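What follows is each chain in one-letter form.
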Amino acid sequence: MVRDWTKKEQARGTVRQAIEVILDRGLPEAYEPGVFNRKCENLYRHVWGMSGTRSALM
């Protein structure tokens, strides 16, 4: 992880992309795109929350 990744747009995108790649490899193909995107968003929000950042989620 990059320090202060939540403050840098490119770093946030990299984190989001990594989540998508990992879930794409790990989730069954039965998930429709909408469900997959919600799962990615939920995990991204969780990772953001665990970062200890007090800034608003982008």
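Preceding block: the structure.
Here the residue index of a chain counts from 1 through its sequence in written order. Reporting in this predicted model follows two pLDDT cut-offs: at least 70 for local features of residues, and 80 or more for side-chain atom pairs to be given and counted; totals over whole chains, interfaces and linings ignore these cut-offs and use all residues. Note that water and hydrogens are dropped before the side-chain values are worked out from all heavy atoms of the structure.

**Digging into the environment of Asp24**
Phase 1: Relative to the helices and strands, Asp24 resides in helix α1 (residues 9–26).
Phase 2: Distance from Asp24 to Phe36, taken between C-alpha atoms, is 8.2 Å for residues 12 residues apart in sequence. Counting from the N terminus, the helices are the DSSP runs of H or I reaching at least four residues and the strands are the DSSP runs of E reaching at least two.

**Details of the packing of α1 against helix α2 (residues 33–50)**
Phase 1: Every axis in this analysis is a line fitted to C-alpha atoms, fitted for helices over the stretch in contact. Angles between the N-to-C directions lie between 0 and 180 degrees. Close contact between α1 and α2 brings their axes to 10 Å; oriented N to C, the two are set at 130 degrees. For the element pair α1 / α2, the angle class is oblique. Our pair here, α1 against α2, has a crossing hand that is right-handed. Between α1, through Arg12, Val15, Arg16, Ile19, Glu20, Leu23 and Asp24, and α2, the contact on the second element is made entirely by Phe36, Asn37, Lys39, Cys40, Glu41, Leu43, Tyr44, Val47 and Trp48.
Phase 2: Nonpolar residues are Ala, Val, Leu, Ile, Met, Phe, Trp, Tyr, Cys and Pro. Charged residues are Asp, Glu, Lys and Arg, and all others, Gly as well, are polar. Taken together, the residues of the contact of α1 with α2 sort by class into 9 nonpolar, 1 polar and 6 charged. Any angle that falls under 35 degrees is termed roughly parallel, while one over 145 is termed roughly antiparallel, one within 65 to 115 roughly perpendicular, and all others oblique. Each crossing is labelled by how the near helix is turned from the far one, with a counterclockwise turn of less than a right angle marking it left-handed and a clockwise turn marking it right-handed. Residue contacts are defined here by distance: any two heavy atoms, one from each residue, within 4.5 Å place the two residues in contact.

Geometric descriptors of this kind do not, in isolation, establish any biological role.
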